[in-house]
Every structure is written in structure tokens, then in C-alpha cells.
Amino acid sequence: MINLKPPEARASTSAPVTAEKALSSIISRGWKEVRDSADADLRLMKNRANSFKDLASSFDRELENFLHSASKSTFAVPAIGSSPSESDFVKRLRPKLSEFRRTYSSPDFSRKVLEKLSPRASIRIDLSAIRNAIVSEVDSEGAVDFDEKGRLRRGRRVGFTDFRWEESHLKDWEPVRALKTRLRELERKSSSSEILESLKNNEFVEKVKSSLKAICKEPTESKEVPPLDVPELFAYLVRQSGPFLDQLGIRRDISDKIVESLCSKRKNQLLLRSTPAGESSILESDNIGDELDVRIASVLQSTGHCYEGGFWTDSSKHDTTNGKRHVAIVTTASLPWMTGTAVNPLFRAAYLSESAKQDVTLLVPWLCRSDQELVYPNNLTFSSPEEQEAYIRNWLEERVGFKTDFKISFYPGKFQKERRSIMPAGDTSQFIPSKDADIAILEEPEHLNWYHHGKRWTDKFNHVVGIVHTNYLEYIKREKNGAIQAFFVKHINNWVMRAYCHKVLRLSAATQDLPKSVVCNVHGVNPKFLKIGEKVDAERERGEQAFTKGAYFLGKMVWAKGYRELIDLLAKHKKDLDGFDLDVFGNGEDAHEVQSTARKLDLNLNFMKGRDHADDSLHGYKVFINPSVSDVLCTATAEALAMGKFVVCADHPSNEFFRSFPNCMTYSTPEDFVAKVREAMANEPQPLTSKQRYNLSWEAATQRLMQYSELDRVLNINDKEIDSRSSQNNHQIMKKSESMPNLTGVVDGGLAFAHYCLTGNEFLRRCTGAMPGTREYDMKHSEDLHLLPPQVENPIYGW
């Protein structure tokens, strides 16, 4: 035995084990190769021996035939003293033949022949050279012990000994025996019909037949989607040409009627051809446009086409894989300016932040001290954004009654005296960090984007919702050359809405018909007004008189807020409303002119300073008069209804939401106005039901916002909900934008790019009415908001 290292050392090293495994692998591969070669040689020798044996058997049969025929024949040469039936040659040959037959017929004949022809019975392999090489290789790493026969003492033991062929190797191997068995079975077949029958029932043949059936299907089994025909192509072209038609002034309902007329003849067949069996068809829907979209998508998907985005798309958006969503609310005004775009977005942020599913950021404009003095009432100003944020939170929490949990951020803004509006300065979208750029709600989106020069909202955010507050066309028409201005503003509004929003919500039909828009009131009332209404109902139940005063009007004192309509109605029917006094609360730029006009006409109007609608001095009034037709949705009307008062308002689209309330009285003519005022003054309002109170609340408004803006789908739907809904209505979740090119998306991207180029030119901005210096913020804004100095060029991302 070779002992290169003590056993203790060998047990603590891993090198011998590695060498042992390598040696075992080499021996195994060598032994396998030798055995395979020997088996091949043995098979060759067996085949040769069997051939020789068959030849001997054939020779034996031929010899027997020869002897048998010879014993019956006579030879032509006569022999003296011999039998006439057998010759001397045959007599001499017979003993030799008998001995030869005994020899090759012996059972040991085949074995002896193979032993003579086979290689040496003993095969020896000298692996000493391999062993010596391995020992020298691992000598530096560890020791390997071999015994006198070359075996490893540890691990897997492989001996270098003699490999001998046993007698069993000379017998038939299993494959040979199986082949002989099959041949004998084939010989036993009585006829060729049995062979054919066995082939017919063979499993391989059955598989071939089934494969051929799968390839050669009947035409009726084909599920290919039929190609589009000419009416469908033309209808889809008209539908996708909506952006061009809108810009040309063609109404959307006209193009919808054209599409419906093209597809009406084939509505019953539109999707039946491409809807697989067992799935619900969308023919139950009356929206022919959606049916056509899904039809186009099914045809494109059947071809394997996948639309990966348009020319203008930007794939770098907020990642929502972490599960927490973010909503950014961007508005055009802020407290303490008591206007609708300052109050309503504030309540929206508060109630959206109540849900744990999303974080909320409210982005409001920051005005420099000089602009604050022009805008905020009672000479109220703030020295820092933090000071104004504290004021906003205190005001809000006093009214909602709970601690708000949302972020308030500021962007630079400038006050434009001519329009009485705050205009953004610079790129507003850059004040929402990219990590929070998930969902954006743009309050007054047309106002925010008239002169927007920066990142496209729909590129930075996953879903952008615009909420239209103001009927700008109605205000512009009242100005000089208002009709011409309104024409251009209408098309500019269409332009920016299409370029920067995914979905647009119009508070009422009083606004222009904008692209991607739907009419829905997503505003609620301050919870404080609902509590006042509950208090009034409780007083009436106790038998107390809740209303001790008559009628009043409240609103910013500018002509466009309904003061013109109010003075005209009262002046025309002054005699019919004899003894009717109206208290008016409000401040504004037109206050002096409004009051002087009323005095000239000798109207019974009592003008008072503006105050909060929830002020205690206003609780005793029974009737709220609101003749305005310029509002989109009057917040004061909703607040008066919540307090349990009568409301007399015009029969106008802006008041459509309030018609379902019994205390709302609408009039369509001046005479009808007089009748409704008399009726309201002579009766008592009805108490609100719980459902009516809920419809006025911010909880209901938030629910409507989630539904109509598709935020519930964007925020709440997960993969499991998608799978469950797809089994019920598969077509509704088909991602058409990913399966087919959308001309609308291409046009929207082109409009956004063109708008970016035009708003980047200061001359064009000034020509269209922009304030000087609003393309970028100024030095004062950079100091107040801790921004980069304006002379440092800010990068415009994505362009």
C-alpha cells in the first residue's frame, strides 16, 4: 500500500476526494468503451458461427438427399462381388460422413468454435500510468492511498482487476431473443390478412391518423376572423377623423350618425363572426362605436399585430408596481380668494386623501406680495408659502371636521388684471416630482394650458383628468368683439383639451362640447351647510319658525355673475313684484356700477358687503334668487339647497343637476320668474331626505368623480379583478390601444407638439394675450419658492 499522508490529514482535506472522483470517472468511461467494443466483436463472432452452423445443416440435408437417391440407383460400371444397389465409393464415404455429422451436431461445437475465434479469454488493462499521473497531480494538494491492487481506500472503490467474459455472454442477448420471438410470431400468421389487421390496430398508425385529422380540418371548424369590408373601413376612418372634424366645427353627433348609418345594416353580424363560442357578445350594447373598435381590434389581433405606441408617445411614466398610487390636483386659485377653483379642489383633495389607496398632493399658485394685495380680500397677505399653507389647512379642517392628510405644494403664478385670473408662470408640471407623477386632476384644464410650455401632461402622468369649472365663452361674448374672440377661444380650448387630457369632466352642459368629455357634477357642498340644514329641520319639528327673512342673492359683484339678468327682471316686473325686497350680498369690480344702475331704476335692492354663505346672518332667509346663466354649476345654489331653502333659478343647463330637488324652482320666462318668486314666498320648503342630502355631499361627489373619470378602474382594478371581469364581459377590457394604431393619439400628439412650439415664442404669446414674462418664473418667485434663478436655463424634459 502506498501511504503518502497520514489518515488524519487525509480526512481533513478535500483534494483526495476530488482526485478519487476524477479517477472513478476515468475508469468508468474506459470500462464502458472497452465493454462496448468487446460486445460488438462478440456479436460479430456469434453471427459468423450461426452462419457456419446454418451452412453445415444445409450440407447435411443435401448429403442425406444424395445418399437416399444413391441407394435407389445403379451405377453403370459393374463390380464383381459387390451389392448391385451400393458402390464401393459410397461404402468408404459413409463412415467418414457419420463421424463428421456427430462432430458438428454436438452441442459443444458452437462454443468451441467461438472460443477458437474469440479474443483472449482474459482482458487485462494496465492503468498504472493513469494512477501515477493522478498521484503526481494531487501530490501538492493532498494524499491518496492505494492498496497493493491499485484500489482507493476511501470513497467509491474501483479496482483494476481482470475483466473476464463469462459463459453467459455466449448465449443470446435479450434483443436477439426478442427478435427471434417476433419472427416466430410472424411465421405463425395464417395469412397476410392477419398482418394487415395487426398493422391497422397499431398505436403508431392511430397517432398518424389523428395527426392527419388535426391538419386536415373541415372548413366549418376554422376560427379565422373575416377581413374588414368597405363600410367598416370607411366607418372607422370617419370615427378616427374626429379630431379633424372637431377642429373644422363639425359636431361629434354628426360623425357618430355617419358611423351608425354605415354599420347599422350589419349590426347583427358585426361581431358574431369574430366572437368565440361561449363568450358574451357586445351586440347587446347600443354603442356602435365601441363595437366597431372591438371589431377592428379583433381583426388586427388575428393577424398577430401588436401596436406598441405612436410617434408622440413617451414610455417613461410613473411606475405603479409598488402598490401605492398618487393623485396630483392642480388648480388655478387658492384661499383666501373665495372662488370656486380655490374652494372645490381643496375639498376634493381632503376627501380623496381619506382613502388609504392613494396619496394626494394639491398644487396651488403662489403669488408675490404685490399680486396678493390685488387678489386676497381684507388686505390679507402671506410672507411665505408655509404661512399660507397653515391658513388653508386651518380653514379646511374647521369645515370638514377631520384632520386632513395630503400635501400642499405651490407653483409660480401671476395675476392678470384684465382677465381677473391667475396665470401660471413657467412649466407647472415640473413641480410634481417624477416619482409622484401618476394621476393628475387639472382643475380648469383649458386655463392651465392656454400658455403651457413644458412637459406634456399625458406623457408625464399615467392618467390625466380635466374638470371644467368656467364657461369662458359666455364671459368672452360679453366683451368687445366677443363673437370673434369666442370663436378662437373655442378652438383653442378644443386644442389644449385634446393635447393634454385623457378624460374631461364638464360640471354641466353649459360649457362647450369639448373632446373626450362627459357631463357630470363632481362637486359637493361644505359639510357645514348640511349641518345647518339638519338644524333647520330640527327647529321645524319642534314647531319653531326656522325662516324669519325673505329673499336674498349672493355672489361676486360683476355683471357676468347674474347681476345684469337680476336687474332686468326686477325692472321689467317692478309692478308685479310690488313690495318685494331683495337683499344682495357681494363685492367686486362692478359694485359701484351695479348699485348706481339699481338706484336709477328705483329697484327694491338692499346692497350689503359680501360674506361667507355659512354666516349666521344668512340662516334665516327662506328664498335664494339666482338668475345667472353664465355659471357652469353655481356653488351657492347647492349650498342654499343644503340649508333647506327655496332656490329660484333659470331653466338653464347649468341648473340641470338641481332640478331633482323639490325646493328648486326653475323659470323659463320673465312672467314665470314672477310666479315662482310668489310661490316660494308663500310656502315653506320641504325637508331633504337622506338620499338628497347624500347627493349634495362631497362623499357622493367623490364617488361620481371616481366613476365618470375612470379613476375607479385606474386605482382599484388589480389582476384578479381583471380576470373575473374578463369572464363576464371580455370585450370591455380589451386593450384596443395596444392592439391597433389610433389616429386620435397621433393627432393629439401632433397638436401637443405644435402647441409647445407656438407657446415657446414670446412674440406669439404676447399676440394671443399672454402676460409678459410668464414663459418662465421671475426672480421673486425663485426666492419665495426656493427655486433655481430664472436666468439658469431649466431643462424641458421629454422634448
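Residues numbered from 1 in each chain as written. Predicted model: local features only at pLDDT ≥ 70, side-chain atom pairs only at ≥ 80, totals over all residues. Heavy atoms only, no water.

What follows deals with the sheet that holds strand β12 (residues 582–585). With parallel pairing, the six strands of this open sheet are ordered in space as β13-β12-β11-β14-β15-β16. The open sheet has two free edges, formed respectively by β13 (605–608) and β16 (664–667), since each of these has just one partner strand. The mean angle between the axes of side-by-side strands here comes to 25°, regardless of whether they run parallel or antiparallel. The sheet contact formed by strand β11 (residues 549–554) and strand β14 (residues 621–626) spans three bridges and is parallel. Paired with A551 across the two strands is V623, which belongs to β14. (Pairing = 2+ DSSP bridges. Helix = DSSP H or I, 4+ residues; strand = E, 2+ residues; numbered from the N terminus. Axes fitted to C-alpha atoms, helices over the stretch in contact; angles between N-to-C directions.)

Further remarks concern unusual backbone geometry. Following L335, the chain continues into P336 via a peptide bond in cis, with omega recorded as 10°. Within the secondary structure, P336 sits in the loop between β3 (325–330) and α13 (340–352). Residue K516 is not a glycine yet carries a positive backbone phi of 60°. For K516, a relative accessible area of 24% corresponds to the partly exposed category. (Buried < 20%, exposed > 50% of the residue type's maximum accessible area, 1.4 Å probe, protein only.)

In this structure the tally under the stated criterion is 19 aromatic pairs. Summarising the aromatic geometry, the rings of Y376 and F382 are spaced 6.1 Å apart at their centres and angled 70° between planes, so their arrangement reads as edge-to-face. Y376 sits in the buried class, given a relative accessible area of 4%. With relative accessibility at 4%, the residue F382 sits in the buried group. Through successive ring pairs, a cluster of aromatic residues spans Y552, F553, Y563, F585, Y621 and F624. A cation sits over an aromatic face here: R393 above F406, 5.1 Å from the ring centre. The positively charged end of R564 is found above the aromatic ring belonging to W559, 4.0 Å away from the centroid. (Phe/Tyr/Trp six-rings, centres within 6.5 Å; stacked < 30°, edge-to-face > 60°. Lys NZ or Arg CZ within 6 Å of the ring centre and 35° of its normal.)

For the rest of this paragraph, the subject is the pairing of β11. Of the strand pairs in this sheet, β11 and β12 are connected by four bridges, and their pairing is parallel. Counted as the bridge partner of F553 is V584 from β12. Crossover connection from β11 via helix α21 (residues 563–572) to parallel β12: handedness right-handed. (Right-handed = clockwise from strand over helix to strand, strands pointing away.)

Here we take up helix α20 (residues 527–541). The first and last C-alpha atoms of α20 sit 21 Å apart over 15 residues, in line with the 21 Å expected at 1.5 Å per residue. Along α20, the residues classified as buried are P527, F529, L530, I532, G533, V536, D537 and E539. Packed against the buried residues of α20 are α13, α15 (385–400), α23 (635–642) and α25 (690–696). Where α20 ends, the next residue or the one after it, G543, has phi of about 85°, a positive value. (Expected span 1.5 Å × (residues − 1). Contact = heavy atoms within 4.5 Å.)

Let us now look at the pattern of salt bridges. Overall, the coordinates contain 26 salt bridges when judged by the stated rule. Here E389 makes a salt bridge to R393, at a shortest N to O gap of 3.2 Å. With a gap of four residues between them, E389 and R393 both fall in helix α15, about one helical turn apart. On the accessibility criterion, R393 (17% relative accessible area) is buried. (Salt bridge = Lys/Arg side-chain N within 4 Å of Asp/Glu carboxyl O.)

Let's shift gears to empty space enclosed by the protein. Inspection of every chain in the model, using the stated rule, returns six cavities of 30 Å³ or more. Approximately 80 Å³ is the volume found for the largest cavity. For the lining of the largest cavity, the elements supplying multiple residues, two or more each, are α23 and α25. (1 Å grid on protein atoms, 1.4 Å probe; cavity = no way out; pocket = protein on both sides within 12 Å on 5 of 7 lines; lining within 4 Å. Points joined across faces, edges and corners; volume = space filled by probe spheres on them.)

Moving on, we come to the confidence of the model for the chain. Confidence in the prediction of the chain, expressed as mean pLDDT, is 76, and 63% of residues score 70 or more. Taken as a whole, residues 73–86 scores under 50 in pLDDT and shows nine contacts with residues more than four places along the chain or in a different chain. (pLDDT = per-residue confidence, 0-100.)

Let us now look at α23. For α23, the buried fraction is high: seven of the eight residues fall into the buried class. Those residues of α23 not exposed but buried are A636, T637, A638, E639, A640, L641 and A642. Against the buried residues of α23 lie α20, β11, β14, β15 (646–650), β16 and α25.

This brings us to the sheet that holds strand β10 (residues 517–519). Strands sit in the order β6-β5-β4-β3-β7-β8-β9-β10 across an open sheet of eight strands; the sheet is mixed. The outermost strands of the open sheet, each flanked by one partner alone, are β6 (421–424) and β10. Neighbour-to-neighbour, the strand axes of the sheet open up by a mean angle of 30°, direction not taken into account. Two elements, strand β8 (residues 463–468) and strand β9 (residues 503–506), share four bridges in a ladder whose sense is parallel. Within the sheet, the bridge partner assigned to V465 lies in β9 and is K503. Packed onto the sheet, α15 meets β4 (358–366) and β5 (407–416) and runs at close to 110° relative to β5.

Right, let's talk about the side chain of H447 for a bit. As for its position among the elements, H447 is in helix α16 (residues 445–449). For H447, a relative accessible area of 3% gives the class buried. There is a polar contact of 2.9 Å between the side chain of H447 and the side chain of Y472. Those residues in contact with H447 that sit more than four places away from it in its chain are T332, S421, I422, M423, P424 and Y472. (Polar contact = N/O pair within 3.5 Å; in protein donor to acceptor, adjacent residues only side chain to side chain.)

Its place among the elements puts A425 in the loop between β6 and β7 (439–443). Under the relative-accessibility criterion, A425 is labelled buried at 1%. Residues A425 and G413 lie twelve residues apart in sequence; the distance between their C-alpha atoms is 5.2 Å.

Before going further, it helps to examine a nonpolar patch on the surface. Nonpolar side chains collect at one region of the surface, where F234, L237, I250, I254 and I258 lie side by side and expose about 420 Å² of accessible area between them. When residues of the nonpolar patch are traced back to their parent elements, those giving at least two are α9 (230–240) and α11 (252–263). On the secondary structure map, I250 appears in the loop between α10 (242–247) and α11. The class for I250 is partly exposed, based on a relative accessible area of 33%. (Patch = residues over 30% accessible without salt bridge, like charges linked within 9 Å, V, L, I, M, F, W, Y side chains within 5 Å. Areas by Shrake-Rupley, 256 points an atom, 1.4 Å probe, with all protein chains shown as cover.)

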